[in-house]
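Chain residues, written in single-letter form:
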Amino acid sequence: MKDKVSPECKSDELNFFDLSPSDKCLVEKTIQGGFSRRDVLKLMMVTGVSLVTAQNLLFTGQQALAAMPKKGGSVRMAANLHGPDDQLDPPRFTSTIDYVRGRAVYNSLVQHNNDLTTRGELAETIEPNADASEWTLKLRKGVVFHDGTPFTADDVIYSMNRHMGDDSTSVVKSVLASIQEWKKVNSHEVKCVLNTSNSDLPTLLGLYQTKIVKNGTTGDGIGTGPFVLDSFEPGVKSVHSRNENYWREGANLDLIEITAITDPVARVNALIAGDVQLINQVAPSAFRQIEEADNVTLLSTPAAVQLGICVLKNAEPGMNDDFVKGLQYIQDRERVVKRILKGKGTVANDTPISIAHGPDFCSELPQREFDPDKAKFHFEKSGYSSAELYVAPVASGIEEVCLLAQANCAKIGFDLQLKKVPTDGYWGAVWMREPINVVTWNMRPTAQSQMAIQFGPGAEWNDTYWNNERMGVLLQAVLSEIDPAKRHEMMCEMQTLIHNGSGMVIPAFTNINDGIAANIMGMPTVPLGALGALEWPEFIWLS
Amino acid sequence: MMLQMTLRRIWVGVATMFVVSVIVFIMTSILPGDVAQIVLGQSATPETLAALRAELGLDMPAYLRYLEWLGDMLTGDLGTSKAGGAAISDLIGGRFGNTMVLAGLVAGISIPISILLGLWAAMHPGSWLDRTVTFGTLATISVPEFFVATLMVLILAVNLQWLPSTALLRDEMTFFELLGGLAMPIITLVIVVSAQMIRMTRAGILNVMNSPYIEMAILKGIPRGRIILRHALFNAIGPIVNVIALNLAYLVSGVVIVETIFSYPGLAKLMIDGVQTRDLPLVQACAMIFCGAYVILILIADIGSIVSNPRLRHPK
């Protein structure tokens, strides 16, 4: 599951993973062939390898053998939510269970790695022009759909065009708005023309919704993916068996079943009882139960999943900067992470960017601390002595964050009233409407897209209605900046702008917490969503 | 007379279903947000909302949408789910079977047990058995079913590992595998529904036992068992079958908590999902099934009590 290279290996030493495939094979065969350790070492030293290197080779080689994927077996995943609206049509994917089914039966053009870099999936290469406004994608040859139809550029053009145009109902339409046109060059090459420079285009082509379906179909489950759809009942389950004609090495599991157990306690019980092998959304109250059971593992992936309070800047009381400052200073961030999230989270600084975004995170920005005196000062200056916060359990821990803020506000004489509303209908009726509400955002693959989607002037989901011109200029400029130092400077300036000016109060980021059976190996940990952003079907195996 | 009553009741039943469909339609429409908003959720934008509403025909006025649904319904077409696009008959088909299997198994176990225990308790009022039954049923009535269910899972599935924690069924299961897979929901529901039926049986019979004709029978020296089975039971059967009918209707429409905890795909959960996604045709279809189940079961109960009671059979 973890990185298999031992930490003791120094980087300049040759180890097993640096060998060419034929040498790897030799070392493996030698180890398996019953030679004693001494024999192998002798053999290697005779052939001119130093003792340290030889030992190292042997050690990492043995580890690699232990980690060799095993074929066979089946798993059942239970997601947190399903219903009659379950989909196999990628542009309308909205929930974890849709995403995992999509990952099993379809492929994307581009795939995310654990460290948020990308690699080509159905696109073999993806090359920008000089200013990154036009991208050329060479498509993989010899790929076939589950029904035997060969995969070509037409499928790509058709699938991607479904996210564009007036009658498109795609969930990611506005995320992909920078794409102007898809052009077919030949049967295995397409061009993507943008209406602006965007060096982050590849990450957008790896979204859950940008899966490639067969030309002319609307999600009947026939894709090019690692699993073939055997049966699908919305709100009940789907069953998938391994695609034996897959273009890559292919999945290890024979069969996967995807269902949901909506009750959080029942979901954890089913995992521990062994009825299911993968679950998402483990609540903090169940951490101990999972950690104490020896047949299951808690998979806690640090990610920039915000627990946020939106204060609308275009309405009372958010128009008043001091009010927002007061609410930001009253957040006891350390306590939120330690007590509410049980340590499975990180302190946030009222910006949507976390250390999980890598070098784009602005560590220079001073951390806003819990400071009741300052909060009191700002609240008094704002002239408000009470406010109403709309809370729905949209993320695990968000209600507790609000309750903690309420208690701390009471101590300084500020009356923060919590108005509890149901999650049902929340996004249409409360979010972006009521002056103070709660929000959660899944982590986006790049810092730029994360900030653009939520803080770009006039962006569809600018959920605090904070419009800052400088922010808009920087969001655009950073996409064509190639000098890392200058890029970081811009990233920092944007995070500082949000930290000081926007209406967002973000006390903490929560980890993505999932539970898996302990015998699952090779689990991906892409931090963009539950269970390694659902990349697991193709890659895991059972030990 | 009997036929006349039955026909009248069926007519009233159909009228009830019509009224229910109007009420359900209005209530679901009043809820904040429509199906387009719920489906697109946090990622809705004004353009995609408008496009999806047009695609689903939500831009029509509400009364037209209702009439369209009614027309389709009367011709036997349940329509397609607005949220997911699947045919509603497909969504309901398998789940209807699941619900009936579970309700049938639970009824098959709980009704005989309840009537026997109720009778026994009534035959020996004040005995230790009567006290145990009275106390036990009171306890299980007052404990919410999610508590019973979770406790069962904790004991039988997580600690003892005798039974699966969820009722995840496969197609190729034999009857006994099915019984094993369904054991947990069956146990939970039997506990929940039996209590009420036992108490009703006991109370109904004891109530009749106070009447003068029973006193007469006792004075004539008829054994207590015979009095209860031959003379009291048939007079008490009216309220008992009504309680049984209500419990059966509950098993068809109201076991949403048990379905959720054991992840059993049944109709009650489907209706809740429909309401949550504002999927009107789906909600309406479920409402019609539930309403129909109540109408039919209560009708059967009434017929049953009339048939068993000569005084109702031959009214003055």
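Residues numbered from 1 in each chain as written. Chains lettered and ligands numbered in written order. Predicted model: local features only at pLDDT ≥ 70, side-chain atom pairs only at ≥ 80, totals over all residues. Heavy atoms only, no water.

Caption draft 1: Geometry of the overall build of chain A. A count of helical and extended segments in chain A gives 18 helices and 19 strands. When each of the 543 residues of chain A is scored for burial, the buried share is 58%. Partitioning the intrachain contacts of chain A with sequence separation of at least 6 by distance along the chain shows that 69% fall at a separation of at least 24. Split by element, the accessible area of chain A, about 21,700 Å² in all, is 52% carbon and sulfur. (Helix = DSSP H or I, 4+ residues; strand = E, 2+ residues; numbered from the N terminus. Buried < 20%, exposed > 50% of the residue type's maximum accessible area, 1.4 Å probe, protein only. Contact = heavy atoms within 4.5 Å. Areas by Shrake-Rupley, 256 points an atom, 1.4 Å probe, with all protein chains shown as cover.)

Caption draft 2: Representation of a nonpolar patch on the surface within the structure. Residue and element names in this part refer to chain B. Among the surface-exposed residues, Phe146, Phe147, Leu151, Leu154, Ile155, Leu160, Trp162 and Ile257 lie close enough to one another that they form a single nonpolar patch of about 770 Å² accessible area. The element contributing the most residues to the nonpolar patch is helix H7 (residues 145-159), with five residues. Looking at the secondary structure, you find Leu154 in helix H7. Judged by its relative accessible area of 38%, Leu154 is partly exposed. (Patch = residues over 30% accessible without salt bridge, like charges linked within 9 Å, V, L, I, M, F, W, Y side chains within 5 Å. Salt bridge = Lys/Arg side-chain N within 4 Å of Asp/Glu carboxyl O.)

Caption draft 3: Spotlight on the interface of chain A and chain B. Taken together, the 45 residues of chain A in the interface contact 46 residues of chain B. Taking both sides of the interface into account, the surface hidden between chain A and chain B amounts to around 3,400 Å²; carbon and sulfur atoms contribute 56%. Put simply, chain A and chain B have one salt bridge between them. For B:Glu55, the salt bridge is made with A:Arg92, and the minimal N-O distance between the two is 3.8 Å. In this structure, the connection of chain A to chain B is made through six residue pairs in polar contact (both at pLDDT 80 or more). Elements represented by at least two residues in the side of chain A that touches chain B include exactly strand E10 (255-260), helix H7 (264-272), helix H13 (426-429) and strand E16 (436-441) of chain A. A per-element tally of the side of chain A that touches chain B places H7(A) first, with five residues. Looking at the side of chain A that touches chain B residue by residue, the classes come out as 18 nonpolar, 15 polar and 12 charged. (Buried area = accessible area lost by both parts, 1.4 Å probe. Polar contact = N/O pair within 3.5 Å; in protein donor to acceptor, adjacent residues only side chain to side chain. Nonpolar A, V, L, I, M, F, W, Y, C, P; charged D, E, K, R; others polar.)

Caption draft 4: Layout of empty space enclosed by the protein. For the structure shown, the criterion picks out one cavity of 30 Å³ or more. The computed volume of the largest cavity comes to approximately 40 Å³. In terms of lining, the largest cavity is formed by A:Ala266, A:Asn269, B:Thr150, B:Val153, B:Ser165, B:Thr166 and B:Ile261. Secondary-structure elements contributing two or more residues to the lining of the largest cavity are H7 of chain A together with H7 of chain B. Taken together, the residues of the lining of the largest cavity break down into three nonpolar, four polar and no charged. (1 Å grid on protein atoms, 1.4 Å probe; cavity = no way out; pocket = protein on both sides within 12 Å on 5 of 7 lines; lining within 4 Å. Points joined across faces, edges and corners; volume = space filled by probe spheres on them.)

Caption draft 5: Representation of the sheet that holds strand E4 (residues 123-128) of chain A. All names here are of chain A. Taking strand neighbours across the sheet as the criterion, the four strands line up as E4-E5-E7-E6 in an open arrangement whose pairing is antiparallel. Across the chains shown, the open sheet's two edge strands, defined by having one partner strand only, are E4 and strand E6 (179-186). The average undirected angle you get between the axes of adjacent strands in this sheet is 20°. Bridging between E4 and strand E5 (residues 134-139) involves five bridges; their strand directions are antiparallel. Opposite Pro128, over in E5, you have Trp135 as the bridge partner. Contacts from helix H5 (residues 153-161) reach E5, E6 and strand E7 (189-194), with the element oriented near 170° to E6. (Pairing = 2+ DSSP bridges. Axes fitted to C-alpha atoms, helices over the stretch in contact; angles between N-to-C directions.)

Caption draft 6: Region of the structure containing unusual backbone geometry. Looking along the chain, the bond that leaves A:Glu316 and enters A:Pro317 is cis, with omega of -10°. Along the chain, the position of A:Pro317 falls in the loop between strand E12 (296-311) and helix H9 (321-329). A positive phi angle, near 60°, is found at A:Ala132, a position not held by glycine. Unusually for a residue other than glycine, B:Arg278 sits at a positive phi of about 55°.

The values are spatial; any link to function lies outside them.
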